[in-house]
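# Coordinate inspection notes
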Amino acid sequence: MTLFDAKHYELKNGLKIVLIKKLSKATTIKVLYKIGTADDPEGFTGLSHFLEHMMFRGTKKHPGNAFNEKMTQIGGYINAFTSFDMTCYIAKVPSNYLEEILEMEADRMENLQFKQEDFDAELKAVEEEYGMRVGNRPTGPVEEVIFRNMYLYHPYGVLPIGYPHHIKAYTRENTFAWYKKWYHVNNATIIIAGDIDFEDTLKVIEKYFGKLKAVTLPERKRAKEPNAQGITRYIKQENERFASSSVEFMYEAPKKDYAYSFAQYMLGGGTLSLFYNHFVRKLDKGIQYVYTSYHFSLDDPGILTIGFDISPDKVLQDVVMDDYETYKKELLSGYLDSEEFKARFENAKKRRIGNLIHKTDGTMNAAENFISLGYGLTFDEINKQGEILEKITLEDVKKAMQDILTQKPKVVFIGVPKSEDKAKYSVRID
């Protein structure tokens, strides 16, 4: 029932290691640090993301742009990301370059240089990235508003890139101090997927990382989000770049709940879901697509999103708001105890387990699975997802679905095109 031929280890200095054997001429390396923007110091949100940029600016041994240049020379792929909960560095290389890349990763884990000209260049790059990711996207600015209203106190309320005033506040000194505080061997996990021998690969990792010293890591302190107490905030954006309207209902969700994840999949996970079947196929009143999303996070609360994409020129109150409430009541009025729902549950479980095979395709996908270690999942939880799915019961899912369907949304987002017909895109707030 395990997904991968994989093993996990820990060196004496605290470095965690996941090795995955995949038949491939390529090897994927991911280095994960347990530090994200939800840990950033007050007034400097996004500092962890900025540090991610600086990690490509070289060491004394490999100065300047040496890392990127090496990847170009060998035909490799390189990337990185910073989330609320972690920072991850990604490399995909021809297998014979694995040792060389591990040497460079170990070097920059301890010996990063911070030249002022490099700092200035990256600061400008991040300011431009903010413009592309937030300022130039139709929903970029409202996404900031949505997260701030989902999390009034918790640092999840500010997007990982921060606000422009945060970016302008970064200095060479406080960025380097952040690096020295968190980038240590006992705060890192190395994930390697490829046609590798476990023992030989472990020896190579020990060769370069085993000499790095562990430190006493600071506590990750985060403000707690208070209970929403049944309050719903409505956010509406009118934009000439919208061709049609959309509505998203966002709910507080547990940080990790497998039955809850399965329930949202049954509700809106693709064209065989309950919501898609009802709103798109059965009603056929102008809803083009229905979707749900729910991802595990390190802290409570997480977010469950239920979204509707609507055909142009449809009246929102008729097409979504009224029908959504009516159908929720229908599901709660005995349907969850029906034989039809039981059959849908069994079919959804079969599909969900079948979909796991796609996660095993290739070294990049294989390594990607274990990124969830940064969200607090264990090695066995990741590698035995099939077993976990098998153990989810109908009663577990019914309870989770009842929780979802009876909860008030914390935020409702309504995106509409610019129009003279204001009544068409208005909604009634009960």
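Reading guide: rules and limits
- Residues numbered from 1 in each chain as written.
- Predicted model: local features only at pLDDT ≥ 70, side-chain atom pairs only at ≥ 80, totals over all residues.
- Heavy atoms only, no water.
- Helix = DSSP H or I, 4+ residues; strand = E, 2+ residues; numbered from the N terminus.
- Rg over C-alpha atoms; globule rule 2.2 N^0.38 Å.
- Buried < 20%, exposed > 50% of the residue type's maximum accessible area, 1.4 Å probe, protein only.
- Areas by Shrake-Rupley, 256 points an atom, 1.4 Å probe, with all protein chains shown as cover.
- 1 Å grid on protein atoms, 1.4 Å probe; cavity = no way out; pocket = protein on both sides within 12 Å on 5 of 7 lines; lining within 4 Å.
- Points joined across faces, edges and corners; volume = space filled by probe spheres on them.
- Salt bridge = Lys/Arg side-chain N within 4 Å of Asp/Glu carboxyl O.
- Pairing = 2+ DSSP bridges.
- Axes fitted to C-alpha atoms, helices over the stretch in contact; angles between N-to-C directions.
- Phe/Tyr/Trp six-rings, centres within 6.5 Å; stacked < 30°, edge-to-face > 60°.
- Lys NZ or Arg CZ within 6 Å of the ring centre and 35° of its normal.
- Contact = heavy atoms within 4.5 Å.
- Core = buried A, V, L, I, M, F, W, Y, C linked by side-chain atoms within 4.5 Å.

## Some words on the overall build of the protein chain
Looking only at helices and strands, the protein chain has 16 helices and eleven strands in total. Computed over its C-alpha atoms, the radius of gyration of the protein chain comes to 24 Å, within 12% of the 22 Å expected for a compact globule of 430 residues. Expressed along its principal axes, the backbone C-alpha trace of the protein chain runs to roughly 65 × 50 × 40 Å. When each of the 430 residues of the protein chain is scored for burial, the buried share is 54%. Carbon and sulfur atoms form 51% of the exposed surface of the protein chain, whose accessible area is close to 19800 Å².

## Quick look at empty space enclosed by the protein
Remark: the empty space left among the atoms is shown by a probe the size of a water molecule rolled over them. Tallied over the full model, the rule gives one cavity of 30 Å³ or more. Taken as a whole, the largest cavity holds about 70 Å³ of empty space. Lining the largest cavity, in full, are Met 55, Phe 56, Gly 58, Thr 59, His 62, Gly 64, Asn 65, Ala 66, Phe 67, Met 104, Asp 107 and Arg 108. For the lining of the largest cavity, the secondary-structure elements that each account for two or more residues are α2 (66-74) and α3 (98-110). Here the element with the most residues in the lining of the largest cavity is α3; it accounts for three residues.

## Side note on the environment of Lys 399
By secondary structure assignment, the location of Lys 399 is in helix α16 (residues 394-406). Sequence separation of Lys 399 and Leu 51 is 348 residues, and the distance between their C-alpha atoms is 42 Å.

## Concerning the pattern of salt bridges
Two side chains of opposite charge can pair, provided their charged atoms sit close to one another. Tallied over the entire structure, the rule returns 29 salt bridges. The salt bridge involving Glu 100 is made with Lys 70; its shortest N-O contact spans 2.8 Å. In this pair, Glu 100 is assigned in helix α3 and Lys 70 in helix α2, connecting sequence segments 30 residues apart. Classification of Glu 100 by relative accessible area gives partly exposed; the value is 33%. Residue classification places Lys 70 among the buried residues on the basis of a relative accessible area of 18%. Arg 108 is paired through a salt bridge with Glu 105; the nearest N and O atoms lie 2.9 Å apart. With Arg 108 and Glu 105 both in helix α3, this residue pair falls three residues apart, about one helical turn.

## Comments concerning the sheet that holds strand β4 (residues 77-82)
Pairing is mixed in the open sheet, where six strands are placed in the order β1-β2-β6-β3-β5-β4. Here the strands that pair on one side only, and so sit at the sheet edges, are β1 (6-10) and β4. Strand-to-strand twist of the sheet, defined as the mean angle between neighbouring strand axes without regard to direction, takes the value 15°. Sheet topology places β4 next to strand β5 (residues 87-94); six bridges connect them, and they run antiparallel. Each bridged residue has a counterpart across the sheet, and for Asn 79 the counterpart in β5 is Ile 90.

## A short note on the packing of aromatic side chains
Under the definition given, this model contains 32 aromatic pairs. When the centroid spacing of 5.8 Å and the interplanar angle of 65° are considered together, the rings of Trp 178 and Trp 182 count as edge-to-face. With Trp 178 and Trp 182 both in helix α7 (residues 172-182) and four residues apart, this pair spans about one turn of that helix. Taken as a pair, Trp 178 and Trp 182 share a single burial class, namely buried. Against the face of Phe 67 rests Arg 108, its NZ or CZ located 4.1 Å from the ring centre. One cation-aromatic arrangement involves Arg 352 over Tyr 265; the distance from NZ or CZ to the ring centre is 4.3 Å.

## Observations concerning the sheet that holds strand β7 (residues 233-239)
Pairing in this open sheet of five strands is mixed, and the strands run β7-β11-β8-β10-β9 from one edge to the other. Each edge of the open sheet is held by one strand with a lone partner, namely β7 and β9 (287-294). Sheet twist, expressed as the average angle between the axes of neighbouring strands with direction ignored, equals 15°. For β9 and strand β10 (residues 302-310), the ladder comprises seven bridges, and the chain directions are antiparallel. Pairing of Tyr 294 across the sheet is with Leu 304, part of β10. Across the sheet, helix α5 (residues 140-150) is in contact with β7, β8 (246-253), β10 and β11 (411-417); its angle to β7 comes to roughly 180°.

## Description of the nonpolar core
One finds Ile 205 and Phe 209 to be the most contacted residues of the largest nonpolar core, which totals 70 residues. When residues no more than four places from it in sequence are discounted, the contact partners of Phe 209 are Leu 11, Asn 13, Leu 15, Leu 102, Glu 105, Ala 106, Met 109, Val 185 and Ile 190. The next biggest cluster of nonpolar side chains, apart from the first, holds 68 residues, and it includes Val 290, Tyr 327, Ile 392 and Ala 400.

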